[in-house]
Number of protein chains: 4
Amino acid sequence: MNNAHILLIDCPDEKGLVFNITQCLFQQNLNILKNDEYVDRATNHFFMRTEFEGDLNPDELQRQLLQVLPKGVNLQLNPKKKKDIVIFATKEHHCLGDLLIRYAFDELNANVLAVISNHNTLQSLVAKFGVPFHYISPEHKTREEHEEAIFKALDIYQPEYLVLAKYMRILTPQFVQRFNNRIINIHHSFLPAFIGANPYRQAHQRGVKIIGATAHFVNDQLDEGPIIDQNVIRIDHRFTAEDMAKAGREVEKNVLAQALKWVFQDRVFIHGNKTVIF
Amino acid sequence: MNNAHILLIDCPDEKGLVFNITQCLFQQNLNILKNDEYVDRATNHFFMRTEFEGDLNPDELQRQLLQVLPKGVNLQLNPKKKKDIVIFATKEHHCLGDLLIRYAFDELNANVLAVISNHNTLQSLVAKFGVPFHYISPEHKTREEHEEAIFKALDIYQPEYLVLAKYMRILTPQFVQRFNNRIINIHHSFLPAFIGANPYRQAHQRGVKIIGATAHFVNDQLDEGPIIDQNVIRIDHRFTAEDMAKAGREVEKNVLAQALKWVFQDRVFIHGNKTVIF
Amino acid sequence: MNNAHILLIDCPDEKGLVFNITQCLFQQNLNILKNDEYVDRATNHFFMRTEFEGDLNPDELQRQLLQVLPKGVNLQLNPKKKKDIVIFATKEHHCLGDLLIRYAFDELNANVLAVISNHNTLQSLVAKFGVPFHYISPEHKTREEHEEAIFKALDIYQPEYLVLAKYMRILTPQFVQRFNNRIINIHHSFLPAFIGANPYRQAHQRGVKIIGATAHFVNDQLDEGPIIDQNVIRIDHRFTAEDMAKAGREVEKNVLAQALKWVFQDRVFIHGNKTVIF
Amino acid sequence: MNNAHILLIDCPDEKGLVFNITQCLFQQNLNILKNDEYVDRATNHFFMRTEFEGDLNPDELQRQLLQVLPKGVNLQLNPKKKKDIVIFATKEHHCLGDLLIRYAFDELNANVLAVISNHNTLQSLVAKFGVPFHYISPEHKTREEHEEAIFKALDIYQPEYLVLAKYMRILTPQFVQRFNNRIINIHHSFLPAFIGANPYRQAHQRGVKIIGATAHFVNDQLDEGPIIDQNVIRIDHRFTAEDMAKAGREVEKNVLAQALKWVFQDRVFIHGNKTVIF
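Every chain's residues receive numbers from 1 upward, in the order its sequence appears when written. Here the convention is simple: chains get letters from A, ligands get numbers from 1, in the order in which they are written. Per-residue local features of the predicted model are confined to residues with pLDDT of at least 70, and side-chain atom pairs are confined, for both listing and counting, to 80 or more; whole-chain, interface and lining totals are unaffected and use all residues. Calculation of side-chain values draws on the structure's entire complement of heavy atoms; hydrogens and water are dropped beforehand.

Asker: Sorry, what's going on with the overall build of chain A here?
Answerer: Helix and strand counts for chain A stand at eight helices and 13 strands. Taken over the C-alpha trace, chain A has a radius of gyration of 21 Å; the compact-globule value for 278 residues is 19 Å, and the two agree within 12%. Overall size of chain A, expressed as C-alpha extent along the three principal axes, is 60 × 40 × 35 Å. Buried residues in chain A amount to 59% of all 278 residues. We call two residues in contact when some of their heavy atoms are within 4.5 Å. Within chain A, contacts between residues at least 6 apart in sequence are counted, and of these 66% link residues at least 24 apart. Secondary structure elements are defined from DSSP: runs of H or I of at least 4 residues count as helices, runs of E of at least 2 residues count as strands, and each element is numbered from the N terminus. It is over C-alpha atoms that the radius of gyration is taken, and the globule rule equals 2.2 Å times the number of residues to the power 0.38. Partly exposed describes any residue whose relative accessible area lies between the buried limit of under 20% and the exposed limit of over 50%, with all areas from a 1.4 Å probe on protein chains only and scaled to the type maximum.

Shown next as structure tokens:
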């Protein structure tokens, strides 16, 4: 299946879109393996994801598609392949360790080019897996200088996605802008509950009976980007805030892994502040 | 949306099916509201469900579709409307009561034409909702005579679906055959665990930590028909077999309601012993 | 088991509490059926719930217990019996209908003495079950006059608990005070997410992937009382706000029923703004 | 809390047990931190787990307890400490990798003394964590000779528990007997559904909508030992048997980790073919 591709289209809805798109593929003698469409009625916006195989002339297909699709269409034509990523972490190992094990056994659908951290706590964990570790301390640096140092490291790797695996620093809007729609974060609460710091302490004080975690794209408003996946776990009065944090970490790593699986398979559209996932 | 229809197609997969089908709809000037496709690679079988609206000439559309679709295609063209159903029950009220409340408030997407029971226990419950209740006792009757009496009652109502809402008698293959793929049962276990009688007692003896329920189409092998939905609930050592049965009833009624929702919206394909649900 | 009782004790923790309490029961020749204890280490508070049977001299037991327990103990000695309740509802039937069916089949562990509503929408539903329905309109009344009219109705029934089964009016602090720790509400969101009005619309706008419901005791801060139970359901981008509301109603009725089961079995302690549930 | 202990008692139920046991602790001036009891009414068997701290004379406490407890009592008095374990694996890394990461960060509540495998596939993974790896091939050995070689390795380590982390060989009854109630297995199905080989293939053929995993103690009947924990994940028609296996692995590792947490904290009683977990 080495000539498999994924076609991602989103545009204002109009009559005949599926017909017109599949006609282009049919005429190029391409074989659809999997096809999903969705129309968001609130915004009248059309989404289509098509996996196909066959001898592809990408420029020709793109040219033909643009002829039949409305103005303002977003069109991506991706070869089916692993994504290049860089992982950011701070001191907590659970998400990072989980991703590294998956990567070591080729289950991540991504190449982990490097790990970047504002602490050196996780250096030895990362070393076990032969992945470059960049300890970029924010000490004696302005926020801008610190991010500049990170950019320099990223320039080496040219990653397609940045994964914030419990990276406990807030990125500047400039940083986020540079990797627009390409940064995925795991937040340790069931958003929008407990936005901000110490969500498990907040949850403990509120006496909730369920806690959760949220994987989302990062935009310039803290904890406000498009949600990719969420999950929860049942707790009870016997859980201290620390017990909640421990139980929550299990959810965090599972949710992040699930979200990355979808993103790296080109199954996630971003639409305003929401995601459409096939 | 009074001229909305649902088109259900399943057939051996071949190149161009989506294109050919959507072309037929496009040429008839019909507007696709929702479209789902799936190809089962193990059997190379194609499934497509399309909700559309517009001025339909059903014979013409069907004629055109058959021209472009492979031999052996299954094709249904259903107006979007409520299904006519008859519910079967025995002594337990929880599923029946839940369905009657939904029906009373027009949330079932079905007309409950009648309730048939082998006991008269639930007569007064059914009477509250103004639904005809047929108490058809199997006493002093052979199995065939009993089912003959049921057929007579069903002849009055001509239901599209029979819903076995904890109907605790086994139907003969002749009965099942007559309503092929049109009988939905709720089984009080997480099939295929605990097939047969007294599943909660079996579950209690085995010491399981989760119990469940299964909604499925009925075929001529007990508890072996295509599964529509399943769900579970966590239990612990403190649950007696009776506690499990009580907790299980909550799952049973929720699973049956969910399965019926999908079936009555024409979202369920039966494929061999499995279901494809859009 | 007609002489079964439930003993509820909570007090500051100190050494020997379990020993001292069980000694009192042992000396009175009472037989413990079920015993649960918990110490909240954050506040150093002790909780114990004991089901026992035997010939009880309640005054004598209470006298002996108070001798060995610290000052400021909360002590309840309840016969194991159904609670008397009044249900409040507005226009939505799903929670009310579910509770009435359970009551009709003696599964609620409570006597539904009456239903009170600010609309007459649900009158015919309630009538089916032979339960008095009080339509108390707030029209042409101040908030105080309206609540005064409700109090008058409640005076007839002297309920132990009020159940707000989607009662869409906010109670005054005076009202809440009068039924302190005895009002249970079902809130249509996974608190503390989406406090206030239209939670499903808020959830839709935020693009969450899971929605939920929360049963809680009512105190004088909106949606802020001690949480008894919560549950969730997974949704996706295809859900409109209305679809979310529909799916959410299923969770609401299940969560409310679960919370009431625990409260009516005397299994719930209120501790500050939290609950301890055995 | 270096003098914290856990007392585990199970015996036939009789009046006054909690009183008598807590009296022994009280008289020795020990402070109860956490106490749980349960009586299984079906077998009239009493279970109690007590965490306490204080200056303990273990022989004296044990002597006093035996005086007040019925004949045939099972009594354990464990210091609160990590368990010594050996992990068995075959070729699949997901459970083993998860446990090693937890061990590396001191989250397993156990010392992983060694990993034993019938293949050398996972050698390099284990080496990353500095844990001894014993590749004990069954080739050219009878089953007894193979197990004899394993025993020899185990003799070095004297583990308290053996963890079968997807160890794909069946142990002989002699082996199981030697580690009675001390072997924990993760089974890749929701037992008792799909006992035996290839559960995911079986699940795929049956068309189930939920799959699961089961952690259990091993006894001499395949997949029949006391269940410690189970969990499930929702799937749909799009899952191939291989997709199910992949999704199932996520559940397997989570369930095994949860079960081990409980076992290693001395929270699990075995009672016949069931577990009681506090």
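Asker: How do you make sense of the state of the cysteines when you look at a structure like this?
Answerer: Two cysteines whose sulfur atoms are joined by a covalent bond form what is called a disulfide. By convention in this document, the label disulfide applies to cysteine sulfur atom pairs within 2.5 Å. Applying the stated criterion to the full structure yields zero disulfides over all chains. Free cysteine: C95 of chain A, not disulfide-bonded; nearest cysteine sulfur from C95 of chain D at 18 Å. The class for C95 of chain A is buried, based on a relative accessible area of 1%.

Asker: I'm lost on the interface of chain B and chain A in this one. Help?
Answerer: Note on interface size: it is often stated as the accessible area lost on association of the parts. Contacts between chain B and chain A engage 15 residues on the former and 15 residues on the latter. Contact between chain B and chain A buries roughly 1500 Å² in total, counting both sides, with carbon and sulfur atoms accounting for 54%. When two components associate, each loses some accessible surface as probed by a 1.4 Å sphere; the sum of these losses over both components is called the buried area. The largest share of the area that chain B buries against chain A comes from K15, F19 and F26 of chain B, three residues that together contribute 40% of it. Salt bridges are counted wherever a side-chain nitrogen of Lys or Arg sits within 4 Å of a carboxyl oxygen of Asp or Glu. At the surface where chain B touches chain A, the tally comes to zero salt bridges. What qualifies as a polar contact is a pair of N or O atoms within 3.5 Å, subject to a donor-acceptor requirement within protein and to the restriction that residues adjacent in sequence count only when both atoms come from side chains. The interface formed by chain B and chain A contains six residue pairs in polar contact (both at pLDDT 80 or more).

Asker: Sorry if this is basic, but what is going on with the relation of the copies chain B and chain A here?
Answerer: Two copies of a chain can be linked by a rotation about an axis combined with a shift along that same axis. Overlay of chain B on chain A (RMSD 0.0 Å): rotation 180°, translation along the axis 0.0 Å. In symmetry terms, the pair is related by a two-fold rotation axis. Rotation axis and chain B: the residue whose C-alpha lies nearest the axis is F19 of chain B, separated from it by 2.7 Å. Most of the interface of chain B is mirrored in chain A: 100% of its interface residues are interface residues there too. When the copies are superposed, the least-squares fit draws on C-alpha atoms of residues that have pLDDT of at least 70 in both.

Asker: Would you mind showing me how to read the pairing of strand β13 (residues 274-277) of chain C here?
Answerer: Regular strands show a simple pattern: their side chains alternate between the two faces of the sheet. Residue and element names in this part refer to chain C. Any two strands between which DSSP finds at least two bridges are classified as paired. As defined by bridge partners, strand β12 (residues 268-271) adjoins β13 across four bridges and the pair is classed as antiparallel. The residue bridging H271 from the neighbouring strand is K274, located in β13. Connecting β12 to the antiparallel partner β13 that follows it, the hairpin turn spans two residues, and G272 within it adopts a positive phi of roughly 60°.

Asker: Looking at this structure, how should I read the domain arrangement of chain A?
Answerer: Residues and elements named next belong to chain A. The split of the chain into domains comes from an automatic or database domain assignment. Taken domain by domain, chain A holds domain 1 (4-79) and domain 2 (83-277). For domain 1 and domain 2, the distance between their C-alpha centres works out to 31 Å. Contacts between the two partners involve twelve residues from domain 1, matched on the other side by seven residues from domain 2. Here domain 1 and domain 2 share an interface that buries about 770 Å² over both sides, 65% of which is from carbon and sulfur atoms. Inspection of the region where domain 1 meets domain 2 yields zero salt bridges. Taken together, domain 1 and domain 2 are joined by four residue pairs in polar contact (both at pLDDT 80 or more). Residue assignment for the side of domain 1 that touches domain 2 shows that the elements contributing at least two residues are β1 (4-12), β2 (31-40) and β3 (45-53).

Asker: Got a minute to help me understand the pattern of salt bridges in this structure?
Answerer: Opposite charge on two side chains makes pairing possible when the charged atoms of those side chains draw close. All names here are of chain B. Taken as a whole and judged by the stated rule, the model has 75 salt bridges over all chains. We note a salt bridge from R41 to D13, for which the minimum N-O separation is 3.6 Å. Of the two residues, R41 is situated in the loop between β2 (31-40) and β3 (45-53) and D13 in the loop between β1 (4-12) and α1 (17-27); the sequence distance between them amounts to 28 residues. Look at R41 and you get partly exposed, because its relative accessible area is 40%.

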